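Below, each chain spelled out in residue letters.
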Amino acid sequence: MAEVGTLNGFVRWVENKIGKGCVFRGVPDRVKHKKIQASAYRRLPEWERDKPEKLRIVIEDLINEARLRKYDQKEGDTLFDLELLAELQHRGAATCLIDFTRNPLVALWFACQPKSTNRDEETDGKVFAVDSYDRSIEVVTPNLVKQKKIADFLTGDTLYKWEPALQNSRIFAQHSVFLFGSSKFPVVDVCVIPKKSKLAILSALEKFDIIELNIFPDYDGFIHRHAHDKSYTYPEYSNYFTRAFLARQQDNVDAAIGYFTKMLAITNIDASIRSQTHMHRGHAYFEIKDYINALKDFDRAIDIDPHPGLYFTRGQMRQHQAVGNYRGAIDDYNEAERLNPDIGVLTCLYRGMAWVALGKFDESKEDLEKAKELKVSVEGFFRWVGYKDIDGMEQKLEIDIPEEIKELLKRD
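Now for a look at the structure at hand. (Residues numbered from 1 in each chain as written. Predicted model: local features only at pLDDT ≥ 70, side-chain atom pairs only at ≥ 80, totals over all residues. Heavy atoms only, no water.)

### A few points about the overall build of the protein chain
Across its full length, the protein chain carries 21 helices and 10 strands. Here the protein chain, with 412 residues, has 48% of them falling under the buried criterion. Taking contacts inside the protein chain between residues at least 6 apart in sequence as the whole, the part at least 24 apart equals 64%. Summed over its atoms, the accessible surface of the protein chain is roughly 22,600 Å², and 50% of this surface lies on carbon and sulfur atoms. (Helix = DSSP H or I, 4+ residues; strand = E, 2+ residues; numbered from the N terminus. Buried < 20%, exposed > 50% of the residue type's maximum accessible area, 1.4 Å probe, protein only. Contact = heavy atoms within 4.5 Å. Areas by Shrake-Rupley, 256 points an atom, 1.4 Å probe, with all protein chains shown as cover.)

### Describing the packing of aromatic side chains
The final tally for this structure, using the stated rule, is 12 aromatic pairs. Taken together, the aromatic side chains of Phe-153, Tyr-160 and Phe-180 make up a single cluster linked through ring pairs. The lysine or arginine in question, Lys-17, covers the ring of Trp-13, its NZ or CZ lying 4.3 Å from the ring centre. (Phe/Tyr/Trp six-rings, centres within 6.5 Å; stacked < 30°, edge-to-face > 60°. Lys NZ or Arg CZ within 6 Å of the ring centre and 35° of its normal.)

### Thoughts on helix α18 (residues 361–373)
In this model, α18 (13 residues) spans 18 Å end to end at C-alpha, consistent with the 18 Å of a helix rising 1.5 Å per residue. Taken residue by residue, α18 has Ser-364, Asp-367, Leu-368 and Ala-371 as its buried positions. End-on, the buried residues of α18 take up no more than an arc of 100°, which puts them together on one face. Residues of α18 that are exposed and point more than 90 degrees away from the buried face comprise Asp-362, Glu-366 and Glu-373. (Expected span 1.5 Å × (residues − 1). Arc of directions from axis to C-beta.)

### Considerations on the packing of helix α2 (residues 52–68) against helix α3 (residues 81–90)
At a closest axis distance of 11 Å, the pairing of α2 and α3 adopts a crossing angle of 85°. In terms of orientation, α2 and α3 fall into the roughly perpendicular class. Along its contact with α2, which presents Ile-59, Leu-62, Ile-63, Ala-66 and Arg-67, the element α3 presents Asp-81, Leu-84, Leu-85 and Leu-88. Tallied by class, the residues present in the contact of α2 with α3 amount to 7 nonpolar, no polar and 2 charged. (Axes fitted to C-alpha atoms, helices over the stretch in contact; angles between N-to-C directions. Parallel < 35°, antiparallel > 145°, perpendicular 65-115°, else oblique. Nonpolar A, V, L, I, M, F, W, Y, C, P; charged D, E, K, R; others polar.)

### Here we look at the environment of Leu-205
Assignment of secondary structure puts Leu-205 in helix α8 (residues 198–206). Distance from Leu-205 to Val-106, taken between C-alpha atoms, is 9.1 Å for residues 99 residues apart in sequence. Here Leu-205 is in contact with Leu-7, Leu-105, Leu-108, Trp-109 and Ile-210, once residues within four sequence places are set aside.

### Considering the pattern of salt bridges
Counted under the stated rule, the structure contains 24 salt bridges. Between Asp-50 and Lys-35 there is a salt bridge, with its nearest N and O atoms 2.9 Å apart. A residue pair is termed long-range when its members are at least 10 positions apart, and Asp-50 in the loop between β2 (22–27) and α2 and Lys-35 in the loop between β2 and α2 qualify at 15 residues. A salt bridge links Arg-351 to Asp-367; the nearest nitrogen and oxygen atoms lie 2.8 Å apart. On the criterion of sequence distance, the pair formed by Arg-351 in helix α17 (residues 344–357) and Asp-367 in helix α18 is long-range, its members being 16 residues apart. The pair Arg-351 / Asp-367 is uniform in exposure class, with both members buried. (Salt bridge = Lys/Arg side-chain N within 4 Å of Asp/Glu carboxyl O.)

### With respect to the packing of helix α14 (residues 291–304) against helix α15 (residues 308–320)
A pair of packed helices is characterised by two quantities: the angle between their axes and the separation of those axes. Two elements in contact, α14 and α15, have axes separated by 10 Å at closest approach and are oriented at 160°. One finds that α14 runs roughly antiparallel with respect to α15. α15 is crossed by α14, and the crossing has left-handed handedness. Each of Tyr-291, Ala-294, Leu-295, Phe-298, Asp-299, Ala-301 and Ile-302 in α14 lies in contact with α15, whose residues at this interface are Leu-310, Tyr-311, Thr-313, Arg-314, Met-317, Arg-318 and His-320. When grouped by side-chain class, the residues that make up the contact of α14 with α15 number 9 nonpolar, 2 polar and 3 charged. (Left-handed = near helix turned anticlockwise from the far one by under 90°.)

Just distances and angles here, no functional claims.
Here it is in C-alpha cells:
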C-alpha cells in the first residue's frame, strides 16, 4: 500500500495502471472504508454486514417500495431493477451498486473530500485500483439489464460490472462504472492520501477542472453545493468560465460577456489565459454586433499573445464591419500568414475579397486564383459577409467587378 501526498505522486502511482482495465474508487476515510463494500451494508446491524442474503433483502425491499411509490417511472418508461437502483443511488440512497470511475483523478478528488466540517477530525483518504478486465467479473449487457431481477444478480458469488448508458449527467461526468454482487474484488493496488495533503491536492486538481461543479453537474449537485453546511467561496476562473460557456449555449450572450468580464478582473491568471478570455469575450461582442468592443478585445488579446489565429479572426472582424476596414483586414491576414504559412489556405479568399472591396483587382486576382485552386468555397463567404451573390456585392460596395474576377467568384 503506497502513500501519496501530491498530485504528481499520484500520477506516478497510477501511470502503469492506465490502459490496463483498471477502474478506481476513492474514499475519504481509510478507517471507515477498510475494504470495498456496498453502502447498503451499512444499514444493517454490525453482525449482519458480511451476509449477502441480508443485503439481498435490503435491496429487494428498497426496489419494491420505490415501485409502489412510482419512483420507477422516468420519461414515460418503467425502469428495470438496475436502472432504478442507479437512479436511487444518484439521489443518495444506499444500494448494492459500488461506484468506480475510469478517471483516476475523479477517484482522487473523492479521496480528498473532508470527513466532516471539522478539520481536526480529518482522516486519511484512500484510492483502490481494481482490475475490471479480470476473468472472474461478468459484464452486464443491456439484455441482462432487461432480463434479470436484482435477486438474480445477488444470488451466488459472481462479481458484475455494469457501465450504464448515459442515464444521467452525473454518470457521464464521473466516468462511472458500477461493480456489485460478490464481495471479492480483484484489487490491483491501493494508495493512501494523508489527511494533511488533502487540501493541497484538491487545489492542484482544480487546474484540471476536477471540481465539484463538474463532478456533480446536475440539479441535485447544485442543491448540495449550496446547502447550509457548505461555506461560501468566491467564484474562481474555472467557475466563471463554466457559467459563461453555459450562458453561450443558452444564447444569453450578455450574461456570457458579464462572466468573461469577471474572469478578467481576477489578477492572478497567467498571460495566455487572459489572452484567451479577451478572445472569447471579443467573439461574444461580435455576436451581438458590438464591433468596437469586439475589436478592442482582440487588440488586447494580440498584445498579450500575438498568434496567427488571433490575427486571422481580427482580420475577419475588420472585414465584416458595416464600414469595412479592408486595409486593416489585409494587414492582419498578411501577419497571420507570416506567422504560420499553413494558414494561407484560409487567408487567400478573405484577403482576395478585401482587395476586391478596395477596387484592387490585380491584387485580388492572385489570391482568388489560389482560393480556386484550393477549392475554397466562396459561397459560404458571401453568406458570412452578408452578400447574396456577386451582384449583391457590387451593389453594397458600389463597385463594378471585372468579368475575370467574377469568374473566379463563381461556383465550380
